[in-house]
Amino acid sequence: MASSRKFSAVAIGVSSGGVQALKLLLGELPRDYPLPILIVQHISPDAGNGMAKLLDDLCAIRIKEADEQDRIVPATVYLAPPNYHLLVEREGFLSLSADPPVSYARPSVDVLFESAAAVFGPQLVAIVLTGANWDGARGVQAVKRRGGVVIVQDPADADTPQMPQAALAAVDVDHVVPLAAMPALLRRLAGLAAHPAEAGHG
Amino acid sequence: MQSKNAEIEDIEIRLLLEGVQQVYGYDFRDYADASIKRRLALWLSESPFETFSEAQSRLLRDPEVFVSLLQGITVNVTEMFRDPSFFRTVREQVVPFLKTYPFVKIWHAGCASGEEAYSMAILLNEEGMAGRYRMYATDIDESVLAKAAEGVMPITEMQKYTRNYQKAGGARSFADYYTARYDRAILSPGLKKDIVFAPHNLATDAEFGEMNMVLCRNVMIYFKPALKERCLKLFDNSLLPGGFLCLGLKETLERRKMGERYEELAPGSRIYRKRYGQ
């Protein structure tokens, strides 16, 4: 059951409990997953770039910390650097900003989602995972306004449920699923078979 | 309908920036879209106007409205000793070179309200360079420069700045650098002695000559590639051989042609030294 709709990018917002969640989600994606993935994970301002390296070592798909003016290409995961907002530019590259924190966060999920929604419109998939505040709730509103798809981790399944709950309260979301079901959903949305084993069968 | 409104707003913003350029001469058309849109939306939400079109007619006729827009667009959040590791590298690896000159000139481009300029002055003075340097601290926004020249900060920030100062290798008592008065910290006047605050627009103005060091951190991240390129050329033309170009921690010369003429001091430091004989 491949999706007939064409998507251009996946944006993910995650806060406390994020490392574990991202390990599970990204670890299940194939090396050549056809969509670019943009991630804001709330992280301490002095954290350095260890997170991207750690995840890159654990997952098949390529994971890097976003550099300013990085071109957005498929099969690549871009992680917002500590202490900078991550934004999407119309010309298909990433930009960074040192503007004040939004929802007490820099990087902020709202900032990523709003700018990604403005560029990708209905071709955007936005995902809210575990987290302890409400960052992302405004962002998913922007995504829905521009016709994108919103997926929220089932709060009962989340390490910290507040962020998914805030997103659920903000909009009618398209999918509420536990983390374990998300890799299959992401494959389907990208036009792949839901499970690697089904590849080649139609 | 919603998405149609979004398209209209994109058009309104383009027209607004076009109008600002023609009436006031400030060119923001080469600023990266995503950030300037956020800043404009914030300005609009705090203004009495419903839409950018409504704002436009007042904006083009009333310079005061323009000044508020200018502040909204160019606001640069900064702090004293922001990125302490950067200042530590300057102290340990750049200052020894600067000390070999009888006098050095430093251009701090996009200094905003002056926090980093004063940080650099503290560092240079502690390293025995007081009176042996001149720092040209420039910004596009004259009202923010006036604030920088005052050298007054909110007292609530001082705890954080003290921590930053210590992480940056500062070993003295940070409290000696300011006087607390009510809710404000007044920086000691001695720090201003070697700093000249001056207006400068990176999008339209020319270079400063013969600099030993140029700092421009987290300013060009807001620019489109062409404007970024223009700035880097200005800095390259301003720097003497052996001079230092200091960028923000996420900015790099790696994929740039002029990068060949520079050497990064320590990997990831984003402090680049211009080679001799180029």
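Residues numbered from 1 in each chain as written. Chains lettered and ligands numbered in written order. Predicted model: local features only at pLDDT ≥ 70, side-chain atom pairs only at ≥ 80, totals over all residues.

Another point: the sheet that holds strand β2 (residues 37-41) of chain A. Residue and element names in this part refer to chain A. Pairing is parallel across the open sheet formed by 7 strands, whose spatial order is β3-β4-β2-β1-β7-β8-β9. This sheet does not close on itself; its edge strands, each paired only once, are β3 (62-65) and β9 (175-177). Averaged over all adjacent pairs, the angle separating strand axes in this sheet is 20°, with direction ignored. In terms of strand pairing, β2 meets strand β4 (residues 76-79) through 3 bridges, oriented parallel. Bridge assignment links I39 to a residue of β4, and that residue is L79. Along the sheet, helix α3 (residues 109-120) makes contact with β1 (9-14), β2 and β7 (124-128), crossing β1 at roughly 165°. Along the sheet, helix α5 (residues 162-170) contacts β7, β8 (149-153) and β9; its crossing angle with β8, the most-contacted strand, is approximately 145°. (Pairing = 2+ DSSP bridges. Helix = DSSP H or I, 4+ residues; strand = E, 2+ residues; numbered from the N terminus. Axes fitted to C-alpha atoms, helices over the stretch in contact; angles between N-to-C directions. Contact = placed C-beta atoms within 7 Å.)

As a further point, take the sheet that holds strand β5 (residues 184-187) of chain B. All names here are of chain B. Reading across the sheet, the 3 strands line up as β3-β5-β4 and stay open at both edges, with antiparallel pairing between neighbours. Strands with a single pairing partner mark the edges of an open sheet, and in this sheet they are β3 (152-154) and β4 (178-181). Pairwise comparison of adjacent strand axes, ignoring direction, gives a mean angle of 30° for this sheet. Bridging between β4 and β5 involves 4 bridges; their strand directions are antiparallel. Bridge pairing links A180 to A185 in β5.

Taken together, the contact pairs 21 residues of chain A with 16 residues of chain B. Taken together, the elements giving at least two residues each to the side of chain A that touches chain B come down to β5 (85-88), β6 (94-97) and α3 of chain A. Take the side of chain A that touches chain B: its biggest share by element is 3 residues, from β6(A). Partitioned by chemical class, the residues of the side of chain A that touches chain B number 8 nonpolar, 6 polar and 7 charged. (Nonpolar A, V, L, I, M, F, W, Y, C, P; charged D, E, K, R; others polar.)

Next up on the list: the environment of R39(B). Residues and elements named next belong to chain B. Within the secondary structure layout, R39 lies in helix α2 (residues 33-46). Considering only alpha carbons, one finds R39 and I73, 34 residues apart in sequence, at a separation of 5.7 Å. Once residues lying within four places of it in the same chain are set aside, the contact partners of R39 are G72 and I73.

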